[in-house]
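Residues per chain, in single letters:
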Amino acid sequence: MTAPRAFLSRHPWAAFLWRWGVSLASLALGLATLLVFRRGLPHVAWITGYVLLAWLVFAALALLRAALLERGRHLVVHAGEYALQTLSHNLFLFVLPSYYASATLTAPNAVFLAALAAAAIVTAVDPWYARLVRPRGVVRALLLAFASFAGLSVALPLIGVRPFWATEGSAALAALALAPAFRGASWRGAAFRAAGLAVLAAVAVWYGRAAIPPAPLFVARATAARTVVGLEPVDVIEGSVPAAVVREWGELAAYTAVYAPGGLREEIAHAWSRDGVPIARIRLSPVRGGRAEGFRTYSITRNLGPKVDGRYTVDVVTASGQLVGRLRFTVTP
């Protein structure tokens, strides 16, 4: 779709709007979607709706693109491509706050957050999308799969599915959704290809689960202390504590409050390490969702050894090994 060149050459502002107006409009719609998410409207319905609409547009384009272009219906194809771009962009922004809360910026799962943010930016800036994504059918399909995976991984735990199974199921569903792109001579062949891709996606997620934030779980509060009494930390450590004091205590406690949506039950553990060397892994009571301040739990370790000083890290991890959050403090010599 092109604008009259003479008009654009005489009016630079029009050329700017023609090139960047779609991007600005898409970004505004995305920010509005982000605002809706922050206001706490029904997340599952909104996320599922976006995923289904994006898939329907993708399927229609995959099946009808060639016929529409042959008949000269370029405008219809452009409209469908823009609708898919906008839906994907809004979906990325819709789930970005949840992944930001769940990711640990000093851990591998920060890479997933960065990829999500990059996808949101690319789908917002129309010239970039037109150059990097629109001409490449494989990239369009992968971007839709990524958006579907990210959205469903957040939506399923909101209805009580454990994050690990939500992640595995989302990977398989996102791969199966690509079946229209595989359609050649028959739907049977497309179904087999999509099913094979779904298995590969589930396996890849299993081995790469440490790099995926377990959204919407996140650590609402975390602190180190001497001990915990009545689910409240006692003698809180503000960043660091002398080794002599710790030897006198004879123990250290890690207190964490983990947020989870209502109806969700998830097993977690505290993985203790000092200077990067594991010293304890303590299973905790399963998190029960629904408490706005987070489900409170703690662990105490007396496995301090003769050398007490060092940099301590306590990772809050799910039973499948996904990192929920991280607590750091230092014991000085």
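In case you missed it, the structure is sitting above this.
Here is what the cut-offs are and how they apply
- Residues numbered from 1 in each chain as written.
- Predicted model: local features only at pLDDT ≥ 70, side-chain atom pairs only at ≥ 80, totals over all residues.
- Heavy atoms only, no water.
- Phe/Tyr/Trp six-rings, centres within 6.5 Å; stacked < 30°, edge-to-face > 60°.
- Helix = DSSP H or I, 4+ residues; strand = E, 2+ residues; numbered from the N terminus.
- Buried < 20%, exposed > 50% of the residue type's maximum accessible area, 1.4 Å probe, protein only.
- Lys NZ or Arg CZ within 6 Å of the ring centre and 35° of its normal.
- Expected span 1.5 Å × (residues − 1).
- Arc of directions from axis to C-beta.
- Contact = heavy atoms within 4.5 Å.
- 1 Å grid on protein atoms, 1.4 Å probe; cavity = no way out; pocket = protein on both sides within 12 Å on 5 of 7 lines; lining within 4 Å.
- Points joined across faces, edges and corners; volume = space filled by probe spheres on them.
- Nonpolar A, V, L, I, M, F, W, Y, C, P; charged D, E, K, R; others polar.
- Pairing = 2+ DSSP bridges.
- Core = buried A, V, L, I, M, F, W, Y, C linked by side-chain atoms within 4.5 Å.
- Salt bridge = Lys/Arg side-chain N within 4 Å of Asp/Glu carboxyl O.
- Axes fitted to C-alpha atoms, helices over the stretch in contact; angles between N-to-C directions.
- Left-handed = near helix turned anticlockwise from the far one by under 90°.
- Parallel < 35°, antiparallel > 145°, perpendicular 65-115°, else oblique.

Some thoughts on the packing of aromatic side chains
Here comes step 1: Under the criterion given, the structure shown has ten aromatic pairs.
Here comes step 2: Aromatic side chains Y99 and F112 sit 5.1 Å apart centroid to centroid with 45° between the ring planes, which places their arrangement in the tilted category. Of this pair, Y99 sits in helix 4 (residues 74-102) while F112 sits in helix 5 (residues 110-124); the two residues are 13 residues apart in sequence, bridging distant segments of the chain. Across the pair, exposure class does not vary: Y99 and F112 are buried alike.
Here comes step 3: An angle of 70° between the planes, with centres 6.1 Å apart, marks the rings of F112 and F149 as edge-to-face. Of this pair, F112 sits in helix 5 while F149 sits in helix 7 (residues 137-155); the two residues are 37 residues apart in sequence, bridging distant segments of the chain. The pair F112 / F149 is uniform in exposure class, with both members buried.
Here comes step 4: Here a set of aromatic residues connected by ring pairs shows up, and it is made of F92, Y99, F112, F146 and F149.
Here comes step 5: We note R209 situated over the ring of W206; from NZ or CZ to the ring centre the distance is 3.8 Å.

Some remarks on helix 10 (residues 187-207)
Here comes step 1: The terminal C-alpha atoms of helix 10, which comprises 21 residues, lie 30 Å apart, in line with the 30 Å expected from a rise of 1.5 Å per residue.
Here comes step 2: The set of residues buried in helix 10 consists of A190, A194, A198, A202 and V205. Seen along its axis, helix 10 keeps its buried residues to an arc of 110°; they face one direction. Those residues of helix 10 that are exposed and aimed more than 90 degrees away from the buried face are R188, F192, R193, V199, L200 and Y207.
Here comes step 3: Check the buried side of helix 10 and you find it contacts helix 7, helix 8 (163-176) and helix 9 (179-182).

As for empty space enclosed by the protein
Here comes step 1: If you walk through the whole model with that rule in mind, you get one cavity of 30 Å³ or more.
Here comes step 2: The volume enclosed by the largest cavity comes to roughly 30 Å³.
Here comes step 3: Class assignment of the residues belonging to the lining of the largest cavity gives a composition of six nonpolar, two polar and no charged.

A word on helix 5
Here comes step 1: Along its 15 residues, helix 5 runs 21 Å from first to last C-alpha, staying within 8% of the 21 Å computed at 1.5 Å per residue.
Here comes step 2: Among all positions in helix 5, only A110, F112, L113, L116, A119, A120, T123 and A124 are buried.

Notes on the pairing of strand 4 (residues 252-259)
Here comes step 1: Of all eight residues that make up strand 4, seven are buried, and the element is covered over most of its length.
Here comes step 2: Where strand 1 (residues 218-229) lies against strand 4, seven bridges are found, and the strand directions are antiparallel. Bridge pairing in strand 4 places V219 opposite V258.
Here comes step 3: Pairing of strand 4 with strand 9 (residues 295-301) involves seven bridges; the strand directions are antiparallel. Residue pairing in the sheet places A257 in a bridge with R296 of strand 9.

Description of the nonpolar core
Here comes step 1: Membership of the largest hydrophobic core comes to 42 residues, with the highest contact counts inside it found for I47, L84, F92, V95, Y99, L116 and F149.
Here comes step 2: Mapped onto this core, the elements with two or more residues apiece are helix 3 (43-70), helix 4, helix 5, helix 7 and helix 8.
Here comes step 3: Discounting chain neighbours no more than four positions away, the residues touching F149 are Y99, F112, T167, S170, A171, A174, V205 and I212.
Here comes step 4: In this structure, A224, L252, A254 and W272 belong to the second largest nonpolar core, which totals 17 residues.

Description of the pattern of salt bridges
Here comes step 1: Evaluation of the coordinates by the stated rule reveals 13 salt bridges.
Here comes step 2: With a closest N to O distance of 2.5 Å, R226 and D235 form a salt bridge.
Here comes step 3: For K307, the salt bridge goes to D309, with nearest N and O atoms at 3.5 Å.
Here comes step 4: A relative accessible area of 43% places K307 in the partly exposed class.
Here comes step 5: One salt-bridge network, in which partners are shared between bridges, spans R65, E81, D126 and R134.

Quick word on the packing of helix 4 against helix 7
Here comes step 1: Helix 7 packs onto helix 4 with a crossing angle of 35° between their chain directions and a minimal axis gap of 9 Å. Here helix 4 and helix 7 pass one another in a crossing that is left-handed. In this structure, helix 4 contributes L84, L91, F92, V95, S98 and Y99 to the contact, and helix 7 contributes L143, L144, F146, A147, S148, F149, A150, G151, S153 and V154.
Here comes step 2: Its residues assigned to classes, the contact of helix 4 with helix 7 comprises twelve nonpolar, four polar and no charged.

Let's talk about the packing of helix 5 against helix 7
Here comes step 1: Closest axis-to-axis distance for the helix 5/helix 7 pair is 11 Å, and the angle between their directions is 125°. Considered as vectors, helix 5 and helix 7 are oriented oblique to each other. Classified by chirality, the crossing of helix 7 by helix 5 is left-handed. For the pair helix 5 and helix 7, contact is made by F112, A115, L116, A119 and T123 and by L143, F146, F149 and A150, respectively.

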